[in-house]
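Next come the chains, spelled out residue by residue.
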Amino acid sequence: MKIGIPKEIKNNENRVGATPAGVKELISHGHEVYVQHTAGEGSGFPDEDYSAAGASILPTIEDVYATAEMIIKVKEPIKPEYPLIRKGQVLFTYFHFASDLELTEAMMKAEAVCIAYETVTDKDHRLPLLVPMSEVAGRMSIQEGARFLEKPQGGRGVLLGGVPGVKPAKVLVLGAGVVGRNAALMAAGLGADVTITDISLPTLRHCAETMPKNVKTLYSSRHNIEMELPTTDLVIGSVLVPGAKAPHLITKDMVRLLKPGSVMVDVAVDQGGCFETTHPTTHSEPTYVVDGVIQYAVANIPGAVPFTSTLALTNATLPYALRLADMGWIAACKKDAGLADGVNMVDGKITFKGVSEAFDLPYTPVSEVL
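Draft legend 1. Fine view of the sheet that holds strand 15 (residues 349–350). Read from one edge of the open sheet, eight strands run 3-2-1-4-5-6-14-15, paired in mixed fashion. Each edge of the open sheet carries a strand with a single partner, namely strand 3 (56–58) and strand 15. Pairing analysis gives three bridges linking strand 4 (residues 70–72) to strand 5 (residues 90–93), with the strands arranged parallel. For Ile72, the partnering residue across the bridge sits in strand 5 and is Phe92. Where helix 1 (residues 20–28) meets the sheet, it contacts strand 1 (2–5), strand 2 (32–36) and strand 4, and its direction lies at approximately 150° from that of strand 2. Seen against the sheet, helix 4 (residues 101–110) touches strand 5, strand 6 (113–116), strand 14 (343–346) and strand 15 and runs at an angle of roughly 50° to strand 14.

In structure tokens:
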């Protein structure tokens, strides 16, 4: 199979779809890999590394899309890429369709095969291709939250871990999934006073048993969240409904319960955000202010640490990319129901229920297109 790896063109996105080591593995299976010039540069992988792995370097993004039968990338295609995608071409990347009607309609029009990292499942119904970036995003959310609590960044001037004689900052983490647990661990490691919420009591019990002593658990309800906000310095939103739009756990009115200079980091922004006040931002302009509260909603948080992120992502995606390339997408998805869960769109038909429900569009079960 001819596989293309284009350069990411989303604002400040420095990750790349595969490392040179990943490319070498694809080529060892008999596939041809075409990498756009400087695609890996932002992650610390120069063209020479890809050439040494056996890839062909193509000068433009247009060349890569025109040549490849399957595109492997990191972020969803954006408007300049829409015309480059053709009928039957396989796109293997993060899509997050449920929060983006324009993207959904563009991919329906292109009639491409859209396989979304974020909805691929394993035998235990976990999300193996979302996990590595969720781990990075969870840890980064605390790093960024701590930075924007600093006074020069507009924050309250609070040190997350405090010092002897001065209480640490209070951190509220909404959602105890992969992002939430990693955020809580990072905040706890810095010495913060952490509360993590969820609606699953078994999940909260697990957190209570395994988390450091400065992490407390709380059942997630509007009342409980409202009680926490007046004394909270940093809120991390990490709620995920796989493939569907995130629920708003903090409304516009609830933002006013926070002290001025507090920080809200919405890691769920890719799926529409779990704060009503969320709108996507970029690494170049990461924050805005609502009622005196700093809002951080960068839609590609792991893109700030592309070397780490690209290595972690390729570790997870490569086995699936090999199956798709070795067997073809239809045979691979027939053999692996979890990979079939990743098929969000085929020939203009939406094959993932969460996407169809988000926009009230017709739904076609993936079994009908395999």
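Draft legend 2. Summary view of a nonpolar patch on the surface. Together, Leu159, Val163 and Val166 make up a nonpolar patch on the protein surface, roughly 280 Å² of accessible area in all. Of note, Leu159 is situated in the loop between helix 5 (131–148) and strand 7 (170–174). Owing to a relative accessible area of 56%, Leu159 belongs among the exposed residues under this scheme.

Draft legend 3. Inspection of the pairing of strand 6 at higher detail. Residue alternation in strand 6 divides its side chains into two sets, Val113 and Ile115 and Cys114 and Ala116, and both sets are buried. Bridge count between strand 5 and strand 6: four bridges; the pairing is parallel. The partner of Phe92 across the bridge, within strand 6, is Ile115. Pairing of strand 6 with strand 14 involves two bridges; the strand directions are antiparallel. Pairing of Cys114 across the sheet is with Met345, part of strand 14.

Draft legend 4. Here's a closer look at the packing of aromatic side chains. Tallied over the entire structure, the rule returns five aromatic pairs. Taking 4.8 Å as the distance between ring centres and 85° as the angle between the ring planes, the aromatic pair formed by Tyr94 and Tyr117 counts as edge-to-face. Taken together, the residues Tyr94 in the loop between strand 5 and helix 4 and Tyr117 in the loop between strand 6 and helix 5 connect sequence positions 23 residues apart. Each member of the pair, Tyr94 as well as Tyr117, carries the same accessibility label: buried. Each ring, one from Phe148 and one from Tyr296, has its centre 5.8 Å from the other, and the planes form 45°; the classification is tilted.

About the criteria used
- Residues numbered from 1 in each chain as written.
- Predicted model: local features only at pLDDT ≥ 70, side-chain atom pairs only at ≥ 80, totals over all residues.
- Heavy atoms only, no water.
- Pairing = 2+ DSSP bridges.
- Helix = DSSP H or I, 4+ residues; strand = E, 2+ residues; numbered from the N terminus.
- Contact = heavy atoms within 4.5 Å.
- Axes fitted to C-alpha atoms, helices over the stretch in contact; angles between N-to-C directions.
- Patch = residues over 30% accessible without salt bridge, like charges linked within 9 Å, V, L, I, M, F, W, Y side chains within 5 Å.
- Areas by Shrake-Rupley, 256 points an atom, 1.4 Å probe, with all protein chains shown as cover.
- Salt bridge = Lys/Arg side-chain N within 4 Å of Asp/Glu carboxyl O.
- Buried < 20%, exposed > 50% of the residue type's maximum accessible area, 1.4 Å probe, protein only.
- Phe/Tyr/Trp six-rings, centres within 6.5 Å; stacked < 30°, edge-to-face > 60°.

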